[in-house]
Amino acid sequence: MQGKVVLVTGADGGLGTYVTQTFLDAGATVVGTSRKIRQSDFKSPNFTAIAGEISTREGAKALVDQVVGRFGKMDVLAHTVGGFAGGQPVAETDDETFQRMFDLNLNCGFYILRAAIPVLRKGGGGRILAIGSRAALEPGAGVGAYSASKAAMVSLIKTVALENKDAGLTANVILPGTMDTPANRRAMPNADASKWVRPAAVAGLMAWLAGDSGKDVNGAVIPVYGGDL
């Protein structure tokens with residue numbers, strides 16, 4: 001990944017931290033973004049923190065413009081932003097929860113994709129990597145808004161893959177099962193975390209897809225379910 005410029009959204013999150021560090025360890029120049037990210041979050045000289053808001057068209061464009069203005073290009077978009085809400089059947093899900101899931105899991109992705117794709121196409125061989133969820137393919141009771149928003153994001157990424165293959169730009173989405181993050185351990189203290197997906201494994205897969213070895217993988221929806229099959 002030497003010489004590559006990687007933008008990681010949600011770079012200080014439970015998964016994003018691993019993704020950012022993995023790309024740094026691979027030698028990439030990494031721009032990490034979130035609403036509250038700080039330069040001190042990562043010690044590498046190849047890391048740049050840019051606080052940003054990708055939930056709007058203007059915010060996503062401003063972020064990509066800053067990356068290009070500083071580094072002259074962008075080679076990889078690693079999109080890890082997302083959110084979860086559940087517990088209610090569809091008939092009892094309120095409008096606010098439904099809209100919030102689509103804002104976090106679909107709209108943020110749409111805005112950053114629309115801003116990033118023209119830049120990624122210019123360099124040739126660009127990569128788009130997104131984090132979905134097992135629930136996108138295997139929805140469960142009580143998580144209708146979450147599952148629907150993740151399924152829509154999978155469709156969006158597959159469409160992007162088809163639309164940009166002429167430029168050598170690939171787009172793939174990874175569907176993790178429950179990940180072993182501090183937030184999930186707090187939320188489910190009695191669960192068997194040994195069956196959960198290791199964030200480092202997902203981060204490693206993203207780095208592989210972004211490298212030369214992954215150049216022939218495009219439009220893939222990749223399940224990573226850990227021991228809970």
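Above this text is the structure in question.
Residues numbered from 1 in each chain as written. Predicted model: local features only at pLDDT ≥ 70, side-chain atom pairs only at ≥ 80, totals over all residues. Heavy atoms only, no water.

1. Some words on the pattern of salt bridges
- Taken as a whole and judged by the stated rule, the model has 8 salt bridges.
- Of the charged contacts, one joins Arg35 and Glu53 as a salt bridge, the two residues approaching to 2.7 Å between their closest N and O atoms. Of the two residues, Arg35 is situated in the loop between strand 2 (29-34) and strand 3 (47-51) and Glu53 in the loop between strand 3 and helix 2 (57-71); the sequence distance between them amounts to 18 residues.
- Under the relative-accessibility criterion, Glu53 is labelled partly exposed at 29%. (Salt bridge = Lys/Arg side-chain N within 4 Å of Asp/Glu carboxyl O. Helix = DSSP H or I, 4+ residues; strand = E, 2+ residues; numbered from the N terminus. Buried < 20%, exposed > 50% of the residue type's maximum accessible area, 1.4 Å probe, protein only.)

2. Considering the packing of helix 3 (residues 95-123) against helix 4 (residues 144-164)
- Interaxial distance between helix 3 and helix 4 falls to 8 Å at its minimum, and their mutual angle equals 15°. In terms of orientation, helix 3 lies roughly parallel with respect to helix 4. Read as a crossing pair, helix 3 and helix 4 show a hand that is right-handed. Within the contact between the two elements, helix 3 uses Thr97, Phe98, Met101, Phe102, Asn105, Leu106, Phe110, Leu113, Ile117 and Arg121 and helix 4 uses Ala145, Tyr146, Ala148, Ser149, Lys150, Ala152, Met153, Leu156, Ile157, Val160, Glu163 and Asn164.
- Class assignment for the residues of the contact of helix 3 with helix 4 results in 15 nonpolar, 4 polar and 3 charged. (Axes fitted to C-alpha atoms, helices over the stretch in contact; angles between N-to-C directions. Parallel < 35°, antiparallel > 145°, perpendicular 65-115°, else oblique. Left-handed = near helix turned anticlockwise from the far one by under 90°. Contact = heavy atoms within 4.5 Å. Nonpolar A, V, L, I, M, F, W, Y, C, P; charged D, E, K, R; others polar.)

3. What about the pairing of strand 1 (residues 5-9)?
- Judged by how many residues are buried, strand 1 sits mostly within the fold: 5 of 5 residues are covered.
- Burial along strand 1 is two-sided: Val5, Leu7 and Thr9 facing one way and Val6 and Val8 facing the other are all buried.
- With helix 1 (residues 16-25) bridging strand 1 and its parallel neighbour strand 2, the resulting β-α-β unit is right-handed.
- Here strand 1 runs beside strand 4 (residues 76-79); their pairing, made up of 4 bridges, is parallel. Across the sheet, residue Val6 finds its bridge partner in strand 4, namely Val76. (Right-handed = clockwise from strand over helix to strand, strands pointing away. Pairing = 2+ DSSP bridges.)

4. Looking at the packing of helix 2 against helix 3
- Where helix 2 meets helix 3, the axes come as close as 8 Å, and the angle between the chain directions of the two elements is 30°. Pair helix 2 / helix 3 crosses with right-handed handedness. Contacts between helix 2 and helix 3 involve Arg57, Ala60, Lys61, Leu63, Val64 and Val68 from the first element and Tyr111, Ile112, Arg114, Ala115, Ala116 and Val119 from the second.
- Looking at the contact of helix 2 with helix 3 residue by residue, the classes come out as 9 nonpolar, no polar and 3 charged.

5. Observations regarding the sheet that holds strand 5 (residues 127-131)
- The parallel open sheet is built from 7 strands, whose spatial order is 3-2-1-4-5-6-7. Each edge of the open sheet carries a strand with a single partner, namely strand 3 and strand 7 (221-224). When the angles between neighbouring strand axes are averaged without regard to direction, this sheet yields 20°.
- Bridge analysis of strand 5 against strand 6 (residues 170-176) gives 5 bridges, and the strand direction is parallel. Pairing of Ile128 across the sheet is with Ala171, part of strand 6.
- Seen against the sheet, helix 2 touches strand 1, strand 2 and strand 3 and runs at an angle of roughly 150° to strand 3.
- Taken strand by strand, helix 4 contacts strand 5, strand 6 and strand 7, and its axis lies near 155° from that of strand 6.

6. Remarks on the nonpolar core
- Membership of the largest hydrophobic core comes to 34 residues, with the highest contact counts inside it found for Leu7, Ile112, Ile128 and Ile157.
- Breaking this core down by element, the ones donating at least two residues are strand 1, helix 2, helix 3, strand 5, helix 4 and strand 6.
- Looking at this core, the element that brings in the most residues is helix 3, giving 10 residues.
- Ignoring any residue separated from it by four or fewer positions in sequence, one finds Leu7 in contact with Val31, Thr33, Leu63, Val67, Met74, Val76, Leu77, Ala78 and Ile112.
- Leu15, Phe42, Ile174 and Val224 belong to the second largest nonpolar core, which has 28 residues in total. (Core = buried A, V, L, I, M, F, W, Y, C linked by side-chain atoms within 4.5 Å.)

7. Considerations on the environment of Leu106
- With respect to the helices, strands and loops of the structure, Leu106 is situated in helix 3.
- Here Leu106 falls in the buried class, since its relative accessible area comes to 17%.
- Along the chain, Leu106 and Gly72 lie 34 residues apart, while their C-alpha atoms are 28 Å from each other.
- Ignoring sequence-local partners within four residues, the contact set of Leu106 consists of Met101, Ser149, Ala152, Met153 and Leu156.

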